[in-house]
Amino acid sequence: MKFDIIANDPQSFARAAVIYTDHGLIETPVFMPVGTAGTVKAVHFRELENDIGARIILGNTYHLYLRPGIDVLEKAKGLHKFNGWNKPILTDSGGYQVYSLTDRRKMTEEGVVFQSHIDGSRHTFTPENVMDIQRSIGADIIMAFDECTPYPCDYAYASQSMNRTHRWLTRCISRISSTDSLYGYHQTLFPIVQGSVYGDLRKQSAEFVASANAKGNAIGGLSVGEPAEIMYEMTEMVCGILPADKPRYLMGVGTPSNILESISLGIDMFDCVMPTRNGRNGMLFTRQGILNIRNEKWKEDFSPIDQEGTSFVDTFYSKAYLRHLFVSGEMLGPMIASVHNLSFYMWLVDESRRQILEGTFSSWKKRMTVQTATRL
RNA sequence: GGGGAGAUACCAGAGCGGUCAAAUGGGGCAGACUGUAAAUCUGUUGGCUAAGCCUUCGGAGGUUCGAAUCCUCCUCUCCCCA
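Remember, predicted model here, so these are calculated numbers, not experimental data.

(A) The arrangement of the sheet that holds strand β3 (residues 24-28) in detail. As summarised here, the arrangement of the three strands in space is β1-β2-β3, forming an open sheet in which the pairing is antiparallel. Each edge of the open sheet carries a strand with a single partner, namely β1 (2-8) and β3. With strand direction ignored, the average angle separating the axes of adjacent strands in the sheet is 15 degrees. Across six bridges, the pairing between β1 and strand β2 (residues 15-21) is antiparallel. Its bridge partner lying in β2, Phe3 is registered against Ile19. Strands β1, β2 and β3 of the sheet are contacted by helix α14 (residues 332-358), whose axis makes an angle of about 120 degrees with β2.

Shown next as structure tokens:
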């Protein structure tokens, strides 16, 4: 994997760059649609690639390991071959499930024992087997096995958890460097900074992660319920420590304004379920603001979903029709909303990139931050 | 023509003397969602000068301290037999 910075914004830490992988290049800043179970829910790859313009998508180690299972993925020769997505894939390690499945797991120094949310069966994840599983899935970028701490989280626990995540990182690196890719292309490991909302822990973690000298670095444990200001504060501090010549990935973020703000702090990569999940639930993100398409006020609004939208659904369908689909429980509704939201998110990062290249990012960002947060 | 069942809030449908402004579904309205246990979840759904009051359970009367619940008549539905 290679990372080339093309331009830096003169008034912030924002940059435009290119990440090269064996499955093609990724222009940054980039938003990566989340495809947990090997599918970006409700969206065809044809739409993802052509209408939305996705450059890389996510998969999830925990979910793919449970279904379809590693044996199937290996027989398919990896997730790319299995689902047909030929562009880069990043897999999350299951660290988020350590957080979200708190009542179904038990943590030890060795790893985590999970109870499957599907059938209750018990499974063990360790830094080593999580690396092996991600080898089997065959993602281009693979994440270290970490613990995403909750919010709030007391200092003692945050510190203890962070240190364990660091020890696990050492084991991940050792495992990944002693094994080979299964399908003939490179896989790059990204370590993850933790430390909850504590500045000194974040600093310590960023320094530890930076010292690992990985080809890209991630920030985890944020956007779990803490105020946005704290998230920005932590992100800013960590970005100041992580190497500038490597991509920085802020995991699980976020709202349109979260993304713009984080780009200005030096983040290059984002992923979030928000455009897809909230889209399925009837919430649309637009340049003018957010709206709940189920609201009665759209009942007879026959104007396009988003006049300035970049996807065909934006001007092909009207708000009133999309509302009708949601109100009727028609599956096309969530499909259209997902395509729209993902297109909007892609437009947001594409336009950010364009503004960075032209040196106008900061002033543009101010306008957009206000607009996109408005409730319509 | 004979016999039977029933009319409850936007709809369906519980309730069968007080704890009922009335269960439960659906529908309506609104909210939440940030490395996806999510096509999910939550709130609300008679009115008001709102910890209280007023008007509601087909209509009109009655019994009772008290009625959606019991009685009488009326109106209307549905089912079975001719």
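(B) The arrangement of the protein's contact with RNA strand B in detail. By nearness alone, 43 residues border RNA strand B, and Cys148, Met251, Val273, Thr276 and Arg323 come closest of all. Among the atoms of RNA strand B close to the protein, meaning within 4 Å, 50% are from sugar or phosphate groups. Gly221 is positioned with one of its backbone polar atoms (N or O) 3.5 Å from a base oxygen of RNA strand B. Between RNA strand B and Arg294, the relevant distance is 3.1 Å, taken from a base oxygen to a side-chain nitrogen or oxygen of the residue. Within the residue set of the surface near RNA strand B, elements represented by two or more residues are β5 (57-60), α5 (95-100), β15 (269-272), α11 (274-280) and α13 (319-327). Ranked by the residues each element gives to the surface near RNA strand B, the list is headed by α11, at five residues. Its residues assigned to classes, the surface near RNA strand B shows 13 nonpolar, 18 polar and twelve charged.

(C) Main features of the packing of aromatic side chains. Under the counting rule described, the total for this entry stands at 19 aromatic pairs. Three or more aromatic residues joined by ring pairs make a cluster, and in this case those are Phe31, Phe285, Phe344, Tyr345, Trp347, Phe361 and Trp364. The ring of Trp347 is capped by Arg287, whose NZ or CZ atom sits 4.1 Å from the centre of that ring.

(D) Local environment of helix α10 (residues 256-264). Most of α10 sits inside the fold, with eight of its nine residues counted as buried. Just past α10, the residue Gly266 takes up positive phi, approximately 110 degrees.

(E) Focus on the packing of helix α9 (residues 228-241) against α10. Their axes nearest at 10 Å, the elements α9 and α10 cross at an angle of 25 degrees. One finds that α9 runs roughly parallel with respect to α10. Crossing of α9 over α10 shows right-handed handedness. Only Ser257, Asn258, Glu261 and Ser262 of α10 make contact with α9, whose side of the interface consists of Ala228, Met231 and Tyr232.

(F) A look at the sheet that holds strand β6 (residues 89-92). Spatially, the four strands line up as an open sheet ordered β5-β6-β10-β11, and their pairing is parallel. Of all the strands in the sheet, the pair left with one neighbour each is β5 and β11 (188-190). Within this sheet the neighbouring strands show an average axis-to-axis angle of 25 degrees, counted without direction. Pairing analysis gives three bridges linking strand β10 (residues 141-143) to β11, with the strands arranged parallel. Bridge pairing in β11 links Ile141 to Thr188.

(G) Quick look at the state of the cysteines. Applying the stated criterion across every chain, the model contains zero disulfides. Take Cys239: it sits in no disulfide, and the sulfur closest to it among the cysteines is that of Cys148, at 17 Å.

(H) Quick look at the pairing of β2. Of all seven residues that make up β2, six are buried, and the element is covered over most of its length. Linking two consecutive strands that pair antiparallel, namely β1 and β2, is a turn of six residues. Between β2 and β3, which pair antiparallel in sequence order, lie two residues.

Rules and cut-offs
Residues numbered from 1 in each chain as written. Chains lettered and ligands numbered in written order. Predicted model: local features only at pLDDT ≥ 70, side-chain atom pairs only at ≥ 80, totals over all residues. Heavy atoms only, no water. Pairing = 2+ DSSP bridges. Helix = DSSP H or I, 4+ residues; strand = E, 2+ residues; numbered from the N terminus. Axes fitted to C-alpha atoms, helices over the stretch in contact; angles between N-to-C directions. Contact = heavy atoms within 4.5 Å. Near = heavy atom within 4 Å. Polar contact = N/O pair within 3.5 Å; in protein donor to acceptor, adjacent residues only side chain to side chain. Nonpolar A, V, L, I, M, F, W, Y, C, P; charged D, E, K, R; others polar. Phe/Tyr/Trp six-rings, centres within 6.5 Å; stacked < 30°, edge-to-face > 60°. Lys NZ or Arg CZ within 6 Å of the ring centre and 35° of its normal. Buried < 20%, exposed > 50% of the residue type's maximum accessible area, 1.4 Å probe, protein only. Parallel < 35°, antiparallel > 145°, perpendicular 65-115°, else oblique. Left-handed = near helix turned anticlockwise from the far one by under 90°. Disulfide = S-S within 2.5 Å.

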